[in-house]
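Summary of the model geometry
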Amino acid sequence: MDVSRDEAWALFCEWTQSDSLRKHVLGVEAAMVAYAREWGEDEELWAATGILHDLDYERYPDLGTGHPRIALEELRKLGYPDELIDAVAGHATFLGVPRETRMAKTLFAVDELSGFIAACAMVRPTGIVGLTPKSVKKKLKQPSFAAGVNRDEVRQGAEELDVDFDEHIAKVIAAMEARADELGLGPREEGAAA
């Protein structure tokens, strides 16, 4: 099956109404595509993987019985390639699926981090513009900030990918900043609510 980014997005939108979850997967997609481009990988496949990794999260959020198991079944049924399915399975550490491909490792490395970067951007008047790795790392040290983000997985992801942590953060920031308006992470209007 030829994987289409636009078809993946249409499928995700069928399954997901939440604007914040849609923006999350677009942020993950941006980071996936940036790495795919750097490494000469299939950008459509990597984009689709970033989009589809949370396909079932809104409908089946229970990690014990739902996400991402239902998505994995659906993606198999639709004929998505094993590499994409394995990456989606691997991003959920509790399933115990080893991340063996570069794509699977990248998805794991950018998923939590992109969400954390978005949270950092949302509390800044300039949004993601001018956000630095130093600032992100400072926020990572504050357990109460974006408390749902697993700090260990953020670091583990960069280690598994064998990339410098600061460079990894900078790459994800740059990828998301290029799509800041779409992600709702651009500078805020003067006087606008956070």
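Everything below is about the structure shown above.
These notes cover the structure that comes with them. (Residues numbered from 1 in each chain as written. Predicted model: local features only at pLDDT ≥ 70, side-chain atom pairs only at ≥ 80, totals over all residues. Heavy atoms only, no water.)

A closer look at the environment of Ile169
Assignment of secondary structure puts Ile169 in helix H9 (residues 165-177). Considering only alpha carbons, one finds Ile169 and Ala31, 138 residues apart in sequence, at a separation of 10.0 Å. The contact partners of Ile169, leaving out residues within four places of it in the chain, are Leu113, Ile117, Pro133, Val136 and Lys137. (Helix = DSSP H or I, 4+ residues; strand = E, 2+ residues; numbered from the N terminus. Contact = heavy atoms within 4.5 Å.)

Here's the deal with the packing of aromatic side chains
Applying the stated criterion across every chain yields a total of four aromatic pairs. Aromatic pair Trp9 and Phe12: ring centres 6.1 Å apart, planes at 15 degrees, arrangement stacked. One end of the pair is Trp9 and the other is Phe12, both in helix H1 (residues 5-15) and three residues apart, which spans about a single turn. You can call Trp9 partly exposed: its relative accessible area is 22%. (Phe/Tyr/Trp six-rings, centres within 6.5 Å; stacked < 30°, edge-to-face > 60°. Buried < 20%, exposed > 50% of the residue type's maximum accessible area, 1.4 Å probe, protein only.)

Describing a negative patch on the surface
On the surface, Asp2, Glu41, Asp42, Glu44, Asp82, Glu83, Asp86 and Glu100 cluster together into a negatively charged patch. Looking at which element gives the most residues to the negative patch, the answer is helix H5 (residues 82-90), with three residues. Inspection of the secondary structure puts Glu100 in the loop between H5 and helix H6 (102-122). (Patch = residues over 30% accessible without salt bridge, like charges linked within 9 Å, V, L, I, M, F, W, Y side chains within 5 Å. Areas by Shrake-Rupley, 256 points an atom, 1.4 Å probe, with all protein chains shown as cover. Salt bridge = Lys/Arg side-chain N within 4 Å of Asp/Glu carboxyl O. Lys, Arg positive; Asp, Glu negative; His and termini not counted. Charge placed at Lys NZ, Arg CZ, Asp CG, Glu CD.)

As for the side chain of Arg151
With respect to the secondary-structure elements, Arg151 resides in helix H8 (residues 151-161). Here Arg151 is buried and forms no salt bridge, its nearest opposite-charge partner Glu112 lying at an N-O distance of 7.3 Å. At a separation of 3.0 Å, a polar atom in the side chain of Arg151 contacts the main-chain carbonyl oxygen of Leu140. Only 3.1 Å separates the side chain of Arg151 from the backbone oxygen of Val149, close enough to count as a polar contact. With near-sequence residues (within four places) excluded, Arg151 lies in contact with Phe116, Lys139, Leu140, Gln142, Pro143, Phe145 and Ala146. (Polar contact = N/O pair within 3.5 Å; in protein donor to acceptor, adjacent residues only side chain to side chain.)

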